[in-house]
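Examination of the molecular architecture
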Amino acid sequence: MPQWVEILGWTLVHFLWQASLIWGLYSLCSRLASDQPANVRYLLGLASLAAMAVVPAATFTILMSQPAGLPGGAMRDVVGQWSAVELSAMMPLAVLAWGVREPAS
């Protein structure tokens with residue numbers, strides 16, 4: 001399996017919590033700004049969508065710059081009974097399910 005496929009899979013895993021965090025911050029800020037004009041709330045929405053576009057690219061870049069091996073890092077401590085090796089083995093399936101296919105050699 002090419003390294004970029006595994007790293008893209010880890011990027012998708014990390015994006016799950018990153019997008020949840022961005023959504024939570026947007027939700028909080030949106031409630032705090034409920035008495036503000038619509039353009040302020042609109043800009044909050046745009047900023048959160050822009051963050052959701054930038055964060056996966058930044059995560060992928062950071063993981064690609066790490067030395068070869070499992071890019072899971074702290075995920076190894078979080079996964080419980082599943083080892084990072086087992087999760088890494090499932091990354092091609094995660095990438096395929098996301099709709100990205102590996103180009104033919």
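Remember, it's a predicted structure, so these values are computed and weren't measured experimentally. (Residues numbered from 1 in each chain as written. Predicted model: local features only at pLDDT ≥ 70, side-chain atom pairs only at ≥ 80, totals over all residues. Heavy atoms only, no water.)

Moving on to the overall build of the protein chain. A count of helical and extended segments in the protein chain gives four helices and zero strands. Listing every helix and strand of the protein chain by position from the N terminus yields α-α-α-α. Residues classed as buried in the protein chain amount to 27% of the 105 residues present. Looking at the protein chain as shown, the accessible area adds up to about 7,100 Å², and 68% of this sits on carbon and sulfur atoms. (Helix = DSSP H or I, 4+ residues; strand = E, 2+ residues; numbered from the N terminus. Buried < 20%, exposed > 50% of the residue type's maximum accessible area, 1.4 Å probe, protein only. Areas by Shrake-Rupley, 256 points an atom, 1.4 Å probe, with all protein chains shown as cover.)

The next subject is helix α2 (residues 38–65). Its 28 residues give α2 an end-to-end C-alpha distance of 41 Å, which sits within 8% of 40 Å, the value for a rise of 1.5 Å per residue. Among the residues of α2, Gly 45, Ser 48, Thr 59 and Leu 63 are the ones counted as buried. (Expected span 1.5 Å × (residues − 1).)

On to helix α1 (residues 3–32). Here α1 contains 30 residues, and its C-alpha end-to-end distance of 43 Å stays within 8% of the 44 Å for a straight helix at 1.5 Å per residue. Remark: the principal bend of α1, roughly 30°, maps to Phe 15. (Bend = angle between axes of the 7 residues up to and from the residue.)

Taken over all residues, the pLDDT of the protein chain has a mean of 79, while the share at 70 or more is 68%. Averaged pLDDT values over the elements of the protein chain bottom out at 49 in helix α3 (residues 75–78) and peak at 94 in α2. (pLDDT = per-residue confidence, 0-100.)

Here the focus is the environment of Val 40. Within the secondary structure, Val 40 sits in helix α2. Placed 10 residues apart in sequence, Val 40 and Ser 30 show a C-alpha to C-alpha distance of 9.1 Å.

Turning our eyes to something else, we now look at the packing of α1 against α2. Look at α1 against α2: their axes get within 8 Å of each other, and the N-to-C directions meet at 155°. Classified by the angle their axes make, α1 and α2 are roughly antiparallel. As α1 packs across α2, the resulting crossing turns out to be right-handed. Looking at the contact of α1 with α2 residue by residue, the classes come out as 18 nonpolar, seven polar and one charged. (Axes fitted to C-alpha atoms, helices over the stretch in contact; angles between N-to-C directions. Parallel < 35°, antiparallel > 145°, perpendicular 65-115°, else oblique. Left-handed = near helix turned anticlockwise from the far one by under 90°. Nonpolar A, V, L, I, M, F, W, Y, C, P; charged D, E, K, R; others polar.)

Let us now look at the environment of Ala 19. In this structure, Ala 19 sits in helix α1. A C-alpha to C-alpha distance of 9.2 Å links Ala 19 and Pro 56, two positions 37 residues apart in sequence.

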